[in-house]
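Secondary and tertiary structure notes
Residue-level listing of the chains:
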Amino acid sequence: MEVGGSGAVCRNILGLPKECVSQAISLTSPRDACRSEAVSAGFRSAAVSDDVWKRFLPSDYADILARAVDRVEFDSMKNLYFRLSDPVLIDGGKMGFYVDRETGIKCFVLPARELGIAWGETPEYWTWIHHPESRFSEVAELTNVCWLEIRGRINSRMLSKQSKYSAYLVFKLSNSAWGFRYPPQKASVVVGTDVSNLSVCLMDLEELLHDQPEELQDDLPDAADEPQYDRWGNPLEEAQDESEMVGGPKTRQDGWLEVLLGEFYNEEGDDGEVVISLLETESLHWKGGLIVQGIEIRPAKWFRRVQPYTCNFF
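Let me sum up the structure you'll find in this document. (Residues numbered from 1 in each chain as written. Predicted model: local features only at pLDDT ≥ 70, side-chain atom pairs only at ≥ 80, totals over all residues. Heavy atoms only, no water.)

**Observations regarding the packing of aromatic side chains**
One pass over the full model with this rule turns up eight aromatic pairs. The side chain of arginine 113 reaches across the aromatic face of tryptophan 128, ending 3.9 Å from its centre. Its guanidinium or amino end placed over the ring of tryptophan 256, lysine 172 lies 5.0 Å from that ring's centre, counting from NZ or CZ. (Phe/Tyr/Trp six-rings, centres within 6.5 Å; stacked < 30°, edge-to-face > 60°. Lys NZ or Arg CZ within 6 Å of the ring centre and 35° of its normal.)

**Things to note about the pattern of salt bridges**
Counted under the stated rule, the structure contains 17 salt bridges. Of the charged contacts, one joins arginine 113 and glutamate 121 as a salt bridge, the two residues approaching to 2.8 Å between their closest N and O atoms. Taking relative accessible area as the criterion, arginine 113 reaches 36% and is therefore assigned partly exposed. Judged by relative accessible area, glutamate 121 falls into the exposed class, the value being 61%. A salt bridge links arginine 153 to glutamate 273; the nearest nitrogen and oxygen atoms lie 3.2 Å apart. Separated by 120 residues along the polypeptide, arginine 153 in strand β7 (residues 148-155) and glutamate 273 in strand β14 (residues 273-280) bring together distant segments of the chain. For arginine 153, a relative accessible area of 45% translates into the label partly exposed. Residues joined by salt bridges that share partners form a network here, namely Arg252, Asp254, Glu258, Glu296 and Arg298. (Salt bridge = Lys/Arg side-chain N within 4 Å of Asp/Glu carboxyl O. Buried < 20%, exposed > 50% of the residue type's maximum accessible area, 1.4 Å probe, protein only. Helix = DSSP H or I, 4+ residues; strand = E, 2+ residues; numbered from the N terminus.)

**A word on the pairing of strand β13 (residues 257-266)**
Taken across its 10 residues, β13 has seven buried, putting it largely inside the fold. As paired elements, strand β8 (residues 163-178) and β13 share nine bridges and run antiparallel to each other. In the strand pairing of β13, tyrosine 168 is matched with leucine 260. Note that strand β12 (residues 250-251) and β13 share two bridges and pair antiparallel. Across the sheet, lysine 250 pairs through a bridge with glutamate 258, a residue of β13. In this antiparallel pair of consecutive strands, β12 and β13, the connection spans five residues, and glycine 255 shows a positive phi of 95°. (Pairing = 2+ DSSP bridges.)

In short, the description is geometric, and any link to function would need to be established separately.
If you want it as structure tokens, here you go:
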């Protein structure tokens, strides 16, 4: 190529009609669109156009807006995209919705009231309270149960197609929470014929390794009089053996905890319901102090190929 050839190519690109540049940018990502604004005045005009950002929005964004509890105000498609990247309540507050800022993939939060919680309507076992740090009107607080069963359901048609998702339990533990260190809880996600199974521990695994056996014996039902080790072996040894296999909680930016319940791939949205579960129904240990906000469904980590970015949203 002759000297100056690359500059000529650059000038040719910058001279393309705005519609062509917009079409090219719309085939990239929100991150790339934000970066394109710095190329030139012409690129900025194309990068902020409604044609570009409408392509990044879910195809059913108008339906989502119609279902929003509070009216979502916006003056451009880019403005709307970033407004929807913050959770909004839809369906009368029965669900939370947002778009993943990096990919535009639809994300949902199923509140505790919309989950299937065994004994959830029995005040001796579960109570429903207002929590000032929850976006929903109610959360479920576990008083005392030996049979823990929480299930969430969402139709795969509601999710973005050809997308890999992760499901998380969003929760807190009271200062007096007990019964969740051992044995691990069982988590699963079922969609169509695919099943994802995980072992999780709602309490921090580091705390588990430092527990004393006497404390764990307190988790037994009152009616059980045999030593816990006779039934389950030494929990300290087994916890050390399984520590790399058991998923633990992580603290979120909003102050709640979350634990991964499983992952799944939504191909065309024709696999019916996605069923997400958390169970501890084998040991029958008594447990309490769990505060459930809901289950969050968002893109799996491997889908995030780039680091979080910043740009002039509006």
